[in-house]
Number of protein chains: 2
Amino acid sequence: MKRLLILASLVGAAPALADEGMWTYNNFPAAKVKEKYGFEPNQEWLDKVRLASAKFGGGCSSSFVSPDGLVMTNHHCARGCIQQLSTAKKDFIANGFYAKTQAEELQCPALEVSQLVEITDVTAQLNTATQGLTGKQYADTLKAEMSKLEKACTTGADVRCDVVTLYQGGKYNLYKYQRFQDVRLVFAPEHAIAFFGGDPDNFEFPRYDLDVTFARVYKDGKPAKTPNYFKWSDKGAKEGDLTFVPGHPGRTSRGLTVAQLEYLRDVGLPKQLFRLSEIRGMVTEFQNRGVEQKRISNNLLFGVENGLKATKGKHEQLVDKAFFAQKVAAEQELRRKVDADPKMKAKYGAAWDEIARAQDAFRNMRKEYDSIEPGLGSQLFNVARTLVRASDELVKPDTERLRGFNDAGLPGLKNQLMSKAPIYPELEIAQMTFTLTKLREELGADHAFVKKVLGKESPAALATRVIKGSKLADLKLREQLFSGGKKAIEASKDPMIQLAALVDPDARAIRKTYEEQVEAVIRKNSELVAQAKFEVYGTGIYPDATGTLRLSFGSVKGYMEDGKQVAPITAMGDTFARHTGEDPFALPKSWLAAQKDLTATTAMNFVSTNDIIGGNSGSPVINKDAQVVGLVFDGNIQSLGGDYGFDESVNRTVSVHSEALIEALKKIYKADRVLEELRPGSTPTVKANPGL
Amino acid sequence: MKRLLILASLVGAAPALADEGMWTYNNFPAAKVKEKYGFEPNQEWLDKVRLASAKFGGGCSSSFVSPDGLVMTNHHCARGCIQQLSTAKKDFIANGFYAKTQAEELQCPALEVSQLVEITDVTAQLNTATQGLTGKQYADTLKAEMSKLEKACTTGADVRCDVVTLYQGGKYNLYKYQRFQDVRLVFAPEHAIAFFGGDPDNFEFPRYDLDVTFARVYKDGKPAKTPNYFKWSDKGAKEGDLTFVPGHPGRTSRGLTVAQLEYLRDVGLPKQLFRLSEIRGMVTEFQNRGVEQKRISNNLLFGVENGLKATKGKHEQLVDKAFFAQKVAAEQELRRKVDADPKMKAKYGAAWDEIARAQDAFRNMRKEYDSIEPGLGSQLFNVARTLVRASDELVKPDTERLRGFNDAGLPGLKNQLMSKAPIYPELEIAQMTFTLTKLREELGADHAFVKKVLGKESPAALATRVIKGSKLADLKLREQLFSGGKKAIEASKDPMIQLAALVDPDARAIRKTYEEQVEAVIRKNSELVAQAKFEVYGTGIYPDATGTLRLSFGSVKGYMEDGKQVAPITAMGDTFARHTGEDPFALPKSWLAAQKDLTATTAMNFVSTNDIIGGNSGSPVINKDAQVVGLVFDGNIQSLGGDYGFDESVNRTVSVHSEALIEALKKIYKADRVLEELRPGSTPTVKANPGL
C-alpha cells in the first residue's frame, strides 16, 4: 500500500484522463469518457441508468433487473433481512433461500428500496437564506430552509425528499425518491459461498465469491412495475471493456482540509478502531456461547469485521507519509492562489483556520460527544429514545424539530420504529454492557453523566435490568407510546423509556453544543473552501460521496501488487482449489455436488478501475449498452485509501461476473424462475442438462 | 491532558530545577536536590538505598523492609504468584492471603527477586571493540562483547549480570545482581481493595487502593538475611515533604528521534492498541463462560486492561500537536548546533536520517516481524520454542548464541522453563486461536508462512489439536527434552514441539533481518545522537528508563485538573463513600466489618512529583532518612505521557500511604507478625483494640 500518488483529487482540480470520480447525474463528464473510451453517454442514457438504479436499505446499492420489480443486490446487503427471516430451525443464512413460486417470496421486516426520480438544484435558494449568517443562526436557518424544501417536495408516504449537501456545501441539490417499502426475498445463496474466504479474503483479490441476493419490490401486494431496468448482457465483461457503476457510495473525504485529516489520522480513526477491535473480540468470543448465540450474532460480527478492515485501510492511507505530504502541498497551493487574489483572500482566506479551530474545539469535547450522543448500544434503547424524542419534537413547528423528526421524514421514521425485525435480549445485554462500560471508561467514574446513568449499578446489572424489564419488543406498545405523545411517555413505567428520558437532556445538550460550535463552523467554512476551489479550478470536478446516487466509469483491468501482475478475472473452477473444508474456506455442499457440471472456465469475479467506496456494494456493473455484466461487492485493499484519494494504478472495484451468476443459478441452484426473468426465453437449456 | 510542555527532557539538556529524571546511582544530581530541597544525598546514602531496593519478577519494583528478607511490593506485581497458588477451591485473589506463621508462607512457582549489588562502566571497552564497524558486523561484535562481559561477571547460579545500554548507547554499564529464586508469599489483601475502582479508576486520582503484598526471600530454605533494608517512618508523608522513589522504571522514549516518534504515533502504538483492544473484548467475554474461567483469566485481563490504558495515554501524548511540535523544534535545534560545527557535523550529522531510514525499513517489514517473531500466543508454545532453540543454541560457542541463551542467562532460562505455574488449556486455546487468526489476517491467507502453519486447518482446529495433544505441561518431559538436545527434539512426537520446530526457521530469519537492517542501524546511530547531546548539553542528564534501578526525587504535592485543585492525600474514611456494592466498587467484607474501628482520617493514598513510569510499581516511597512513607502503585493519567516527556505541573506518582498500610494490617487483617517485623516493638497496640 506504499505508493506515491499524484492525484487530481488532491488539488480539487478536474481529473485529467484518470477513471476518477463518483459523478452526479447532472454533472457527468461525458466528453471525457468519449475521449478515453470512445463512447459518450447522453442525457437519455444517464436518465435511464439513474432510474434503473436503487438504494437498498440504509447503506447499499442495487438495481432493477426485470420489469416486474426484481432487484439485484449483494448477499451482504440483504443479510439483515435474511437473518431476520431465519429462526433457530430455518437458517437461511447457512442454507440459502429460494422462492420457487412468487407466493413463497418472504417479506423483509424492515427494508426499503428507493429510486431517485428527480434532482433539483436549490443552491441559490439556500445561499440566499443563509447569507451573512454564522454560528447558531446560520445552522438554524439552513436546517429550517432544508426542512421547508423537503416538506414541500414530499407529496405522499411513498415519496421521500432530501436536500443533499454536495462539495462540502458548495452546492445543494434536492433529491426526490420513489420509496418501495414492501420488499420480499426471492433468492439468496448460502453464506459460505456468498462470503467465501470470509474476513481473511475480504478486500482482497483474486477472489471467488457469489455475493448476490435477488429481492422483489411490491406495490399494493403485487410485484411493482419497474419499466426502467437493466437487461442482461450476453457477453459479460472482458479485459479492457468499458464499465459503468451506478450506485450509492457512502462517504469520501477527499475534500477535507489538512486539519480535518490530521484529526482523523490522530484521533478519529484510531478511536473508532480501538472500539471496533474490542467489539470484535467480544462478539467473536460471544459466538462460543452456543449455536444459537452464534446465529444471532453473525450479522453483527460480519458488520464489525467489515468496518474494522475498511477503517484500518483508511488509517493506513493517512499514516502514509508521502500521501499526507501531498495533501499538505495541495492545500498550500490552493491557499497561495487564494491569498494572491485580494478579493478571494477576503472571501475565503480565513476558512481553513476556522475549520482547524472548530476541529480543535471538537478534540476537547470528543469524549463527551462520542459517549453521550450516540445512544447506549441497544436497539431497544434506540426505540425508546425515538419515542421519547418524538414526544418532544412532534409538538413543535416542523422547521424547529431535530433533523429526522420533520414531517418529510416521518414515514421512514415510523417504518423503522415499527420494524418486525427480531431483537435478541442476550445479545442486547452484551452490547449495552459493553457500551456502558466504555461510557464509564471514557468519562471516568466520577463524571456527572456516568453517575446519573449508572447510579450504584454496574454496567451489566443496569443493562440486564432495563433490557429484561422492557416491553418495547411489543409493537403495539410502541404504537401506543408513539401516538400517546408526551403524556404516555411520562406515564410509562417501562425501564427503557425511563432510562431514555433520563439521559436525553444530556444527549441533546452535547449535540447542540456540537452543532453550534463545531458543525456549523465547519459547514460554513467548508462551503467557502469549496467555492474557492470552483473559483480556482473550475466546476468540472466531482463532489465527495454523500450516500447518494452517483456514476463512475472505468474498465476491466488488472494491477501490480508486490511486483506481480494480478490478472483481472478469476475462473469458477479455481474456487474449488481454495476449498479447505474449514470455515471460512469451506464451500457449501451444493457447490461440491455440482462441481462436475460446472464449466470451470466460467468467469467468476473480476476487477475494474471504477472509482467506488463503501455503499457501492450491490451496484450493478453495466456496459455501454446499459446491460448487466457484473455485480459490485467489494474493493481491493488498495481501494480503502480511496476515501482520501483515488489511485488508478491500483485502486480496483471487485465484482461478481455476470457469467458466474448465470452458471450458478442454472447449474447449482436450478433457480429457473429468476433466470427466466433475467434473460427471458433463455432458461430451457437447464432442462437439457443431463446432470440434473 | 491538553497542555503546552516546556520540557528540559525535550532538548536533552539538564533539567533546571524540575523534579525530573529517573537517575542512575552513579550520576545522581545530589547538588540539585540540595538546592531545591535542602538535603544532599551522599554516596553512602545512595548505596544503602540501592541495596535495600530490589527488582520483583520481570517487570516490577520492591524493597526489603526487614533484616529477614521481608519484601514489600504491589498486589498487582504479585498477582501472578497469588493466582498460581490459588485453585478453584482456594482463591487467594478473591479472599486474600496471610501466613500466620512462617511455616505457612507459600513458595511462588516462578518468581525471582534481584538486588543490584555492583555497577561497572564498560563503555570504553565496548566502544573500542565496535569502533568503525556497521550493520551486521557492528551488531555481532557488540553482542559478543556483551556476552563475554556478562559471562565473566556471572560467578554462580545466584548471580546475574547484564550489560545495560544507557542513553541509547551513549553509555554501557555492567550491572551485577544478587538473585533470590525462592520467594514466598506472606500477605496479600483481597483483590477488591488492592484494585478498588478497577479499570475505571486505574491511572486516576483521588484514589483509594491498598495495592500491597508482602513476600519473603529465602536462601537455603531459610529466610534470607537482608541487612540493607528500609525502616518504617513514624510520621508518614505530609504535603510538601521531600520524597525519593527507588525502583525499576521499564522504558521511556524521551531520547527518541522525531522519525521514531512519528512511527510510534502513526503505526507502533495504534497497532498495539488495536490488538490489545481486541484481546480485551475477547477475554472480557471469555470470563462469562463460567466462574472457573473467570478465575483463570483474571490475571490476563488485568494485564491487558492495564496495558491498554497506559498505551492509550502514551498515544494521546503523541497526538498532542503542541507537544509534538516541541519535539520537532528540539531536534531541529540540536541538529542546527551539530551542523554548525564541522567536526560534530562530520561525526553526528547523518545519524538522524539514518535512523529515519531504518525506521522506514521497519515499516515495510513490520507485519512479518510482528506476526512471525513473537510466538503464537500460547505458553506451551513458548516452552516448546525455548526447548527447540536451546537444542540449536547450546551447542554453539557462547558468543554466537541468540541473546537469552548465553551461559550467563542459563540459570534464569532454566528457572522459567521449569516453572510450576499452572497452564490452563482452555485459556491457552482461546489465546492461540486469537493469535493464529491475527497471523492470517495480517499476512493474508495466501502468505507462505500462513500456509505452512495452518495448512488446511482453521486457527481454532490447529490450536485445539496442538494444545490438547501436547504433554509439555509435564516438567519431567521438559527436563528430558532440554537435556536430550537436538536428538531428543527431532525424535519428539509432541505436536507443540513439532510446530515450534516447523516455524522457528522463519522466526529466526525475520529476526535476523530485523536485527541487521533495523536494530543495528538504530543502535549505532542512537549512540551518535546521544554522544552529540553530551557534547552539546553536557553529561548532567539522565538516560531513558531501561528497566534497571533508578532513583527519582520530588515532593508530596497536588495539581490542577479541569480547572480544579486536586488535593494530594486522600483519607481512609472516604473509601467507604465510593463503595457501591458492585464490582469494581465493592469493598471486601473485611473492610465493611472493620469500618467502625478505623480512624477515618488515616492517610490512604497520595500523589507526589516523582518522575516514574510503568515498572516502578512496587517501589517504596522513602523520606530523606531512607524510611518508608509510602508504596508506589500507579501514576495519574497525566503521567502516562511521561514516556515522552515529564511535566511537573501535572505528572504525578500515586502511592499507598504508610499510615494506611499500618492501619489496615493492624485493624482489618490483624497481621501482627508482619507489623512486628515492619515496626519492631510497636505491634501490641492491636491487642488493646476493643473491637477485636
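Because the structure is a prediction, the values reported are computed rather than measured.

Rules of the game
- Residues numbered from 1 in each chain as written.
- Chains lettered and ligands numbered in written order.
- Predicted model: local features only at pLDDT ≥ 70, side-chain atom pairs only at ≥ 80, totals over all residues.
- Heavy atoms only, no water.
- Helix = DSSP H or I, 4+ residues; strand = E, 2+ residues; numbered from the N terminus.
- Rg over C-alpha atoms; globule rule 2.2 N^0.38 Å.
- Buried < 20%, exposed > 50% of the residue type's maximum accessible area, 1.4 Å probe, protein only.
- Contact = heavy atoms within 4.5 Å.
- Areas by Shrake-Rupley, 256 points an atom, 1.4 Å probe, with all protein chains shown as cover.
- Lys, Arg positive; Asp, Glu negative; His and termini not counted.
- Charge placed at Lys NZ, Arg CZ, Asp CG, Glu CD.
- Buried area = accessible area lost by both parts, 1.4 Å probe.
- Salt bridge = Lys/Arg side-chain N within 4 Å of Asp/Glu carboxyl O.
- Polar contact = N/O pair within 3.5 Å; in protein donor to acceptor, adjacent residues only side chain to side chain.
- Phe/Tyr/Trp six-rings, centres within 6.5 Å; stacked < 30°, edge-to-face > 60°.
- Axes fitted to C-alpha atoms, helices over the stretch in contact; angles between N-to-C directions.
- Parallel < 35°, antiparallel > 145°, perpendicular 65-115°, else oblique.
- Left-handed = near helix turned anticlockwise from the far one by under 90°.
- Nonpolar A, V, L, I, M, F, W, Y, C, P; charged D, E, K, R; others polar.
- Core = buried A, V, L, I, M, F, W, Y, C linked by side-chain atoms within 4.5 Å.
- Expected span 1.5 Å × (residues − 1).
- Arc of directions from axis to C-beta.
- Disulfide = S-S within 2.5 Å.
- Least-squares fit on C-alpha atoms with pLDDT ≥ 70 in both.
- Pairing = 2+ DSSP bridges.
- pLDDT = per-residue confidence, 0-100.

A. Structural view of the overall build of chain A. When helices and strands are counted, chain A shows 25 helices and 21 strands. For 692 residues, the compact-globule estimate of 2.2 N^0.38 gives 26 Å, and the C-alpha radius of gyration of chain A, at 25 Å, lies within 12% of that figure. Relative to its 692 residues, chain A shows a buried fraction of 61%. Long-range contacts, defined here as pairs at least 24 residues apart, represent 78% of the contacts in chain A between residues at least 6 apart. Accessible area of chain A: about 26,000 Å², with a carbon and sulfur share of 53%. Here chain A carries 93 positive and 87 negative side-chain charges, and the mean point of each set is 3 Å from the other.

B. Focus on the interface of chain A and chain B. Taken together, the contacts link 48 residues of chain A with 48 residues of chain B. Where chain A abuts chain B, roughly 4,100 Å² becomes buried across the two surfaces, and 48% of that area is made up of carbon and sulfur atoms. Note that R280 of chain B and E441 of chain A form a salt bridge whose closest N and O atoms lie 2.7 Å from each other. For the pair chain A and chain B, the interface holds 18 residue pairs in polar contact (both at pLDDT 80 or more). When contributions to the side of chain A that touches chain B are tallied by element, the ones reaching two or more residues are helix 9 (198-201), helix 10 (258-286), helix 11 (291-318), helix 14 (351-372) and helix 17 (425-443) of chain A. Here the element with the most residues in the side of chain A that touches chain B is helix 10 of chain A; it accounts for 15 residues.

C. Highlighting the packing of aromatic side chains. All names here are of chain A. Tallying each qualifying case throughout the model produces 43 aromatic pairs over all chains. Look at F187 and Y669: their rings are 5.2 Å apart centre to centre, the planes differ by 70 degrees, and that puts the pair in the edge-to-face class. Taken together, the residues F187 in strand 9 (residues 182-188) and Y669 in the loop between helix 23 (658-668) and helix 24 (672-678) connect sequence positions 482 residues apart. Since its relative accessible area comes to 1%, F187 is described here as buried. Given the relative accessible area of 15%, Y669 is considered buried. Here a set of aromatic residues connected by ring pairs shows up, and it is made of F28, Y37, F39, W45, F244 and F553.

D. Layout of the packing of helix 11 of chain A against helix 17 of chain A. Residue and element names in this part refer to chain A. Close contact between helix 11 and helix 17 brings their axes to 10 Å; oriented N to C, the two are set at 50 degrees. One way to sum up the angle between helix 11 and helix 17 is to call them oblique. With respect to the hand of their crossing, helix 11 and helix 17 are arranged in right-handed fashion. Side by side, helix 11 and helix 17 meet where Q293, I296, S297 and L300 of the first sit next to E426, L427 and Q431 of the second. A breakdown of the residues in the contact of helix 11 with helix 17 according to their chemical character gives 3 nonpolar, 3 polar and 1 charged.

E. Molecular detail of the nonpolar core. Ranked by size, the top nonpolar core spans 69 residues in total, and within it F214, F244 and W591 of chain B carry the most contacts. Examining the composition of this core, we find that 6 residues originate from one element, helix 23 (residues 658-668) of chain B, more than from any other. Formed by 68 residues, the second largest nonpolar core is a distinct cluster that contains V212, V566, A594 and V656 of chain A.

F. Inspection of the packing of helix 19 (residues 459-469) of chain B against helix 21 (residues 495-537) of chain B at higher detail. Residues and elements named next belong to chain B. Close contact between helix 19 and helix 21 brings their axes to 7 Å; oriented N to C, the two are set at 125 degrees. The orientation of helix 19 with respect to helix 21, classified from their angle, is oblique. Of helix 21, the residues touching helix 19 (which contributes R465, V466, I467 and G469) are P495, M496 and L499.

G. Region of interest: helix 12 (residues 321-340) of chain A. All names here are of chain A. In this model, helix 12 (20 residues) spans 28 Å end to end at C-alpha, consistent with the 28 Å of a helix rising 1.5 Å per residue. Inspection of helix 12 places F323, F324, Q326, K327, A330, E331, L334 and V338 among the buried residues, and these make up the whole buried set. Seen from one end, helix 12 has its buried residues packed into an arc of 160 degrees, which puts them on one side. In helix 12, those exposed residues whose orientation departs by more than 90 degrees from the buried face are R336 and A340. Where helix 12 starts, the residue carrying a side-chain oxygen 3.1 Å from the main-chain nitrogen of A322 turns out to be D320.

H. Spotlight on the state of the cysteines. Residues and elements named next belong to chain B. Taken as a whole, this structure holds 6 disulfides over all chains when the rule is applied. Linked covalently through their sulfurs, C153 and C161 form a disulfide whose S-S length is 1.9 Å. Since a negative S-S torsion denotes a left-handed disulfide, the C153-C161 link at about -65 degrees is left-handed. A relative accessible area of 12% means that C153 is categorised as buried. Here C161 falls in the buried class, since its relative accessible area comes to 1%.

I. A look at the relation of the copies chain A and chain B. Laying chain A over chain B is done by rotating through 180 degrees and shifting 0.0 Å along the axis; what remains is an RMSD of 0.0 Å. The symmetry that links the two subunits is that of a two-fold axis. Comparing contact sets, 100% of the residues at the interface of chain A also lie at the interface in chain B, consistent with an isologous, same-surface contact.

J. Structural view of the pattern of salt bridges. As enumerated under the stated definition, the model contains 121 salt bridges over all chains in all. The network of salt bridges with common partners includes D199, R280, E305 and K312 of chain A together with E278, K438 and E441 of chain B.

K. Structural context of helix 2 (residues 30-37) of chain A. Residue and element names in this part refer to chain A. Regarding helix 2, the residues found buried are A30, K32 and V33. Looking straight down helix 2, one finds that the buried residues subtend no more than 160 degrees of arc, so they occupy a single side. Of the exposed residues in helix 2, those oriented more than 90 degrees away from the buried face are A31 and E35. Of the surrounding elements, those touching the buried residues of helix 2 are strand 13 (242-247) and strand 14 (550-555). Remark: G38 follows helix 2 within two positions and exhibits a positive phi of approximately 80 degrees.

L. Structural view of the pairing of strand 14 of chain A. Residue and element names in this part refer to chain A. With respect to burial, strand 14 is a largely interior element, 6 of its 6 residues being buried. Of the strand pairs in this sheet, strand 13 and strand 14 are connected by 6 bridges, and their pairing is antiparallel. Pairing of P246 across the sheet is with L551, part of strand 14.

M. Geometry of the confidence of the model for chain A. All names here are of chain A. For chain A, the average pLDDT comes to 93, and 96% of its residues sit at 70 or higher. Note that residues 1-11 has pLDDT below 50 and, in this model, 44 contacts with residues that lie over four places away or in other chains. The low-confidence segment residues 685-692 (pLDDT under 50) makes 9 contacts with residues lying over four places distant or belonging to another chain.

N. Seen up close, unusual backbone geometry. Here the amide bond leading from D583 of chain A into P584 of chain A is cis, since omega sits at 5 degrees, within 30 degrees of zero. Structurally, P584 of chain A can be placed in the loop between strand 17 (569-571) and helix 22 (589-594). The omega torsion of the bond from F205 of chain B to P206 of chain B falls at 0 degrees, within 30 degrees of zero and hence cis. Even without a glycine there, the phi angle at A626 of chain A is positive, about 60 degrees. Looking at the element boundaries, A626 of chain A is found in the loop between strand 19 (620-622) and strand 20 (627-635). Residue A626 of chain A is classed as buried on the basis of its relative accessible area, which comes to 4%.

O. Just the environment of R289 of chain A, in detail. If you trace the backbone, R289 of chain A turns up in the loop between helix 10 and helix 11. What makes R289 of chain A partly exposed here is its relative accessible area of 34%. Those residues in contact with R289 of chain A that sit more than four places away from it in its chain are E426 of chain A together with E285 and N288 of chain B. Side-chain polar atoms of R289 of chain A contact the side chain of E285 of chain B, separated by 2.5 Å.

P. View of the environment of L149 of chain B. Residues and elements named next belong to chain B. Mapped onto the secondary structure, L149 falls in helix 7 (residues 135-153). In this structure, the C-alpha to C-alpha distance between L149 and D162, residues 13 residues apart in sequence, is 8.5 Å. Contacts of L149, omitting those with residues within four sequence positions, involve V122, Q125, L126, V163 and L174.

Q. Spatial organisation of the pairing of strand 20 (residues 627-635) of chain B. Residues and elements named next belong to chain B. When you tally the buried positions in strand 20, you get 8 out of 9 residues, the bulk of the element. In this sheet, strand 20 lies alongside strand 12 (residues 231-232) in parallel orientation, the contact comprising 2 bridges. Note on strand 20: the bridge partner recorded for W232 is V628. Here 3 bridges tie strand 19 (residues 620-622) to strand 20, and the two strands are oriented antiparallel to one another. For P620, the partnering residue across the bridge sits in strand 20 and is L631.

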